[in-house]
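This is what each chain is made of:
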Amino acid sequence: MGSGTLLQKITDISQKMASEVHLRSLRDSFIITVPFLVLAGLFIMVNYVFLDPNGFLASALNSDTLISLKSVGDRILNGTMNILSLMLVVLISWSIATKRKFATPVIPAMVSLAAFLVLMPNNLSLTPVGSETAVEVSGVISFGLTNAGGVFVAILTAVVATDLFLWISNSKRLQIRLGDEVPPMVAQSFQSMFSIMLTVLAFAIVAVAVHAIFHMEMHEIIQKAIQAPLVHLTTNLPGFLTLTTLTNLLFSLGIHPSGIINPILEPPLLVAMQENMAAFAKGEVPPHIIVLPFRDLYGHMGGTGTTLALLIALFLRSKMSSHKKFARTVLAPGIFNINEPVIFGFPVLYNPLIMIPFVIYPQINFIIAYFATQWGMVSKIVAYVPWSVPPLLSGWLGSGGDFRNVILQIILLALGVAIYLPFLAAYEKSLISAKNQKLVNEIAEAASPETAAPDPKTQQAKTIILMCNEGMSTSIMARKMSQFAQSAGYPLTIYAINVGRLQEEYQKADLILLGPQLGYMRESICEEINHRCPVQPLDAGYFSKLDGKAAVLAALPYLNS
């Protein structure tokens with residue numbers, strides 16, 4: 001089998017996985033929960049570092065004031081970290097129903113929430129504050145079942161309940177018709193009445209049957225059979241390295257791993273992160289070294305492949321002026337871990353000399369960071385830090401204010417520069433020896449055409465939507481394009497979205513431009529929007545240079561057609 005055929009098969013499989021409704025819904029739902037987790041991480045930092053009785057604010061505030069201030073954080077944790085599973089069951093169900101084009105997605109979302117609560121135990125054994133004896137109580141829900149401990153129950157419930165509800169809803173015999181005079185929401189509610197009742201009833205029967213047969217609740221079975229093994233797999237160094245190596249390899253082949261590896265890797269790592277946060281809040285030793293931010297803090301500095309080290313290497317030793325100019329252009333987004341311009345514009349993509357350190361170097365970082373944490377040289381990660389927080393600051397925040405983690409990040413970046421340098425030198429030598437530098441300069445000059453631009457006065461108002469995985473890298477490009485369009489008088493509305501908002505936004509678009517990392521999904525996206533408007537990949541050359549003018553001029557023929 002030829003390499004081209006193999007790559008095409010990988011691309012086809014990746015496209016199918018990235019387009020799969022349940023995986024996409026899972027990814028989109030976790031993205032929505034990020035602000036809540038960041039807020040929880042922030043107040044864990046405030047409560048248990050700044051407001052700790054032994055913290056630096058203890059001398060300035062009395063104990064009553066500290067307790068009052070900490071109660072604010074405790075309530076925020078109850079409304080964020082402690083209800084993560086409740087949020088996920090609603091968000092995942094809503095997303096699945098929306099992608100399946102159900103008219104009122106709030107109904108299956110509420111059905112999934114009801115099903116999730118149906119699976120809760122009727123009685124709980126709890127230990128009252130100040131007592132050592134547990135008592136059995138009813139009529140309460142434990143945060144232990146709605147926080148990270150219930151994440152996999154929430155995922156499975158949302159998927160099964162939503163699919164079951166939609167399947168039953170397709171039967172017209174089970175719909176109650178009230179006539180056209182009834183308000184749409186009321187009519188939809190009654191049409192779904194039997195679907196709601198049968199779905200919730202099915203979950204109740206399963207919960208009672210499982211408890212009668214196994215003398216265990218569904219949460220316990222799922223936790224032991226699914227959640228615990230997956231958490232162990234992903235927080236185990238060999239398993240983690242296997243998945244992250246595959247992530248970097250796919251990215252270097254132009255396939256964004258967000259819809260393929262991340263739905264497998266991130267949920268258990270998020271559970272591990274929540275367990276660390278909960279242990280830190282209780283004053284206990286956090287149980288996990290590898291959690292979700294561990295990947296970003298040590299192996300994604302500057303983005304996947306820790307390409308911030310590559311940019312530093314370009315500044316220090318590059319012999320090509322075009323490379324140094326490129327590094328200056330993409331440094332700002334790189335600091336915030338946005339590196340698609342580097343991957344698709346430098347490029348890392350299909351560049352064997354750069355692909356090698358791109359795939360291997362982050363794994364070296366992970367191994368060093370793992371053992372440095374295990375040996376107590378740095379702190380475990382105890383606060384959730386989003387991937388877009390710049391390196392060094394992320395190390396300080398994630399560790400609960402330990403500067404040793406920041407020093408480790410600096411050491412790993414310096415190591416990365418040393419690893420990237422020989423590969424960079426070999427790559428530039430190959431370009432120079434092949435006299436490609438002149439060709440690169442000619443292409444760069446041709447990338448911004450100065451002539452034959454259409455007259456803005458003849459243009460109609462149109463909307464261009466740029467789309468990428470998170471909506472971050474393309475947002476920078478959209479701003480550059482908008483600035484040129486406005487200065488040149490083109491009546492264009494240009495903005496960026498993440499892939500999860502496609503269904504909400506595509507009807508507004510006259511043209512959809514895909515970030516290079518989503519180029520392989522063009523056909524599935526065209527089908528998803530029913531070919532309503534042109535869908536084109538954003539030119540990697542324009543994208544890497546953030547050349548808004550060239551991108552707008554290249555887009556005009558698609559708009560005019």
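None of the values given here were measured: they were computed from a predicted structure.

Asker: How do you make sense of the overall build of the protein when you look at a structure like this?
Answerer: A tally of regular secondary structure across the protein gives 25 helices and six strands. For the protein, buried positions account for 51% of its 561 residues. Long-range contacts, defined as pairs at least 24 residues apart, comprise 73% of the intrachain contacts of the protein with a sequence gap of at least 6.

Asker: Honestly, the sheet that holds strand 6 (residues 535–537) in this entry has me stumped. Any pointers?
Answerer: Paired through their backbone hydrogen bonds, the strands of a sheet run either parallel or antiparallel. Here four strands make up an open sheet; going across it, the order is 4-3-5-6 and the pairing parallel. The open sheet is flanked by strand 4 (492–498) and strand 6, the only strands paired with a single partner. Direction aside, the axes of adjacent strands within the sheet are offset by 25 degrees on average. Strand direction decides the pairing type here: strand 3 (residues 462–468) and strand 4, joined by seven bridges, are parallel. Looking across to strand 4, one finds that Ile-465 is bridged to Tyr-495. Along the sheet, helix 21 (residues 473–488) makes contact with strand 3, strand 4 and strand 5 (511–514), crossing strand 4 at roughly 175 degrees. Sheet contacts for helix 25 (residues 548–560): strand 3, strand 4, strand 5 and strand 6; angle to strand 4, the most-contacted strand, approximately 100 degrees.

Asker: Looking at this structure, I do not really get unusual backbone geometry. What am I missing?
Answerer: The phi torsion at Lys-101 lies on the positive side, around 65 degrees, for a residue other than glycine. Tracing the chain through its elements places Lys-101 in the loop between helix 4 (84–99) and helix 5 (106–118). One non-glycine residue with positive phi stands out, namely Asn-530, at about 55 degrees. Looking at the secondary structure, you find Asn-530 in the loop between helix 23 (522–528) and strand 6. On the accessibility criterion, Asn-530 (53% relative accessible area) is exposed.

Asker: I'm lost on the packing of helix 2 (residues 21–50) against helix 3 (residues 63–78) in this one. Help?
Answerer: In helix packing, the relevant descriptors are the interaxial angle and the interaxial distance, both defined with respect to the helix axes. Between helix 2 and helix 3, whose axes approach to 9 Å, the crossing angle comes to 155 degrees. In terms of orientation, helix 2 and helix 3 fall into the roughly antiparallel class. Helix-helix and strand crossings are classified by hand; for helix 2 and helix 3 the assignment is left-handed. On helix 3, the residues touching Leu-39, Ala-40, Phe-43, Ile-44, Asn-47 and Tyr-48 of helix 2 are Leu-69, Lys-70, Val-72, Gly-73, Asp-74, Ile-76 and Leu-77. Looking at the contact of helix 2 with helix 3 residue by residue, the classes come out as nine nonpolar, two polar and two charged.

Asker: Looking at this structure, I do not really get the side chain of Asn-405. What am I missing?
Answerer: Its location among the elements puts Asn-405 in helix 19 (residues 403–433). The exposure class of Asn-405 is buried, given its relative accessible area of 0%. In contact with Asn-405, other than residues within four places in its own chain, are Tyr-298, Val-378, Ser-379, Gly-395 and Ser-399.

Asker: How should the packing of helix 2 against helix 4 be read in this particular structure?
Answerer: Interhelical geometry of helix 2 versus helix 4 gives an angle of 140 degrees and a closest axis separation of 8 Å. When the interaxial angle is binned, helix 2 and helix 4 end up oblique. Relative to helix 4, helix 2 is oriented so that their crossing is right-handed. In this structure, helix 2 uses Val-21, His-22, Arg-24, Ser-25, Leu-26, Asp-28, Ser-29, Phe-30, Ile-32, Thr-33, Phe-36 and Leu-37 to contact helix 4, whose residues at the interface are Leu-84, Met-87, Leu-88, Leu-91, Ile-92, Ser-95, Ile-96 and Lys-99.

Asker: Looking at this structure, I do not really get the nonpolar core. What am I missing?
Answerer: Core analysis: the biggest nonpolar cluster contains 114 residues, and Phe-294, Tyr-298, Phe-346 and Ile-512 have the highest contact counts within it. Counting residues in hydrophobic clusters, the runner-up holds 26 residues, among them Ile-476, Met-477, Phe-484 and Ala-551.

Asker: Even after reading the chapter, I still don't get the environment of Ala-369, so can you show me in this structure?
Answerer: Within the fold, Ala-369 resides in helix 17 (residues 352–374). For Ala-369, a relative accessible area of 0% corresponds to the buried category. For the pair formed by Ala-369 and Tyr-298, sequence separation is 71 residues and the distance between their alpha carbons is 7.0 Å. The contacts of Ala-369, once residues within four sequence positions are left out, are Phe-294, Tyr-298 and Leu-408.

Asker: Whenever I open this one, the environment of Asp-510 confuses me. Can you help?
Answerer: Tracing the backbone shows Asp-510 in the loop between helix 22 (502–505) and strand 5. Residue Asp-510 is classed as partly exposed on the basis of its relative accessible area, which comes to 29%. Excluding residues that lie within four positions of it along the chain, Asp-510 makes contacts with Lys-462, Thr-463, Cys-533, Pro-534 and Leu-559. Of note is the side chain of Asp-510, whose polar atom sits 2.8 Å from the backbone nitrogen of Thr-463.

Asker: What should I look at first to understand helix 13 (residues 292–299) in this one?
Answerer: Every α-helix winds through 3.6 residues per turn, so residues three or four apart in the chain are directed the same way. Here helix 13 lies mainly inside the structure; eight of its eight residues are buried. Here helix 13 has its buried residues at Leu-292, Pro-293, Phe-294, Arg-295, Asp-296, Leu-297, Tyr-298 and Gly-299.

Asker: For this particular structure, what's the right way to read the packing of aromatic side chains?
Answerer: Two descriptors summarise a pair of aromatic rings, namely the distance from one centre to the other and the angle between the planes of the rings. Within this structure, the stated rule accounts for 12 aromatic pairs. Seen from their ring centres, Phe-240 and Phe-366 are 4.9 Å apart, and the 75 degrees between their planes marks the pair as edge-to-face. With Phe-240 in helix 11 (residues 237–252) and Phe-366 in helix 17, this pair connects stretches of sequence that are 126 residues apart. For Phe-366, a relative accessible area of 1% gives the class buried. A connected cluster of aromatic rings, assembled from ring pairs, spans Phe-240, Phe-294, Tyr-298 and Phe-366.

Asker: Sorry, what's going on with the side chain of Asn-339 here?
Answerer: Its place among the elements puts Asn-339 in the loop between helix 15 (321–335) and helix 16 (340–345). Taking relative accessible area as the criterion, Asn-339 reaches 3% and is therefore assigned buried. Sequence-distant contacts of Asn-339, defined by excluding residues within four places in its chain, comprise Gly-302, Gly-303, Thr-304 and Thr-307.

Asker: What exactly am I supposed to notice about the pattern of salt bridges here?
Answerer: Opposite charge on two side chains permits them to pair, given that their charged atoms come into close proximity. A complete count under the given rule lists eight salt bridges for this structure. A salt bridge links Arg-295 to Asp-296; the nearest nitrogen and oxygen atoms lie 3.2 Å apart. In this structure Arg-295 comes out as buried when scored by relative accessible area, which is 9%. Between Glu-505 and Lys-508 there is a salt bridge, and its shortest N-O distance comes to 3.0 Å. Residue class for Glu-505 comes out buried when judged on its relative accessible area of 6%. Relative accessible area serves as the criterion here: at 49%, Lys-508 is assigned to the partly exposed category. Here the salt bridges do not stand alone but share partners, grouping Arg-27, Asp-28 and Lys-99 into one network.

Cut-offs applied
Residues numbered from 1 in each chain as written. Predicted model: local features only at pLDDT ≥ 70, side-chain atom pairs only at ≥ 80, totals over all residues. Heavy atoms only, no water. Helix = DSSP H or I, 4+ residues; strand = E, 2+ residues; numbered from the N terminus. Buried < 20%, exposed > 50% of the residue type's maximum accessible area, 1.4 Å probe, protein only. Contact = heavy atoms within 4.5 Å. Pairing = 2+ DSSP bridges. Axes fitted to C-alpha atoms, helices over the stretch in contact; angles between N-to-C directions. Parallel < 35°, antiparallel > 145°, perpendicular 65-115°, else oblique. Left-handed = near helix turned anticlockwise from the far one by under 90°. Nonpolar A, V, L, I, M, F, W, Y, C, P; charged D, E, K, R; others polar. Core = buried A, V, L, I, M, F, W, Y, C linked by side-chain atoms within 4.5 Å. Polar contact = N/O pair within 3.5 Å; in protein donor to acceptor, adjacent residues only side chain to side chain. Phe/Tyr/Trp six-rings, centres within 6.5 Å; stacked < 30°, edge-to-face > 60°. Salt bridge = Lys/Arg side-chain N within 4 Å of Asp/Glu carboxyl O.

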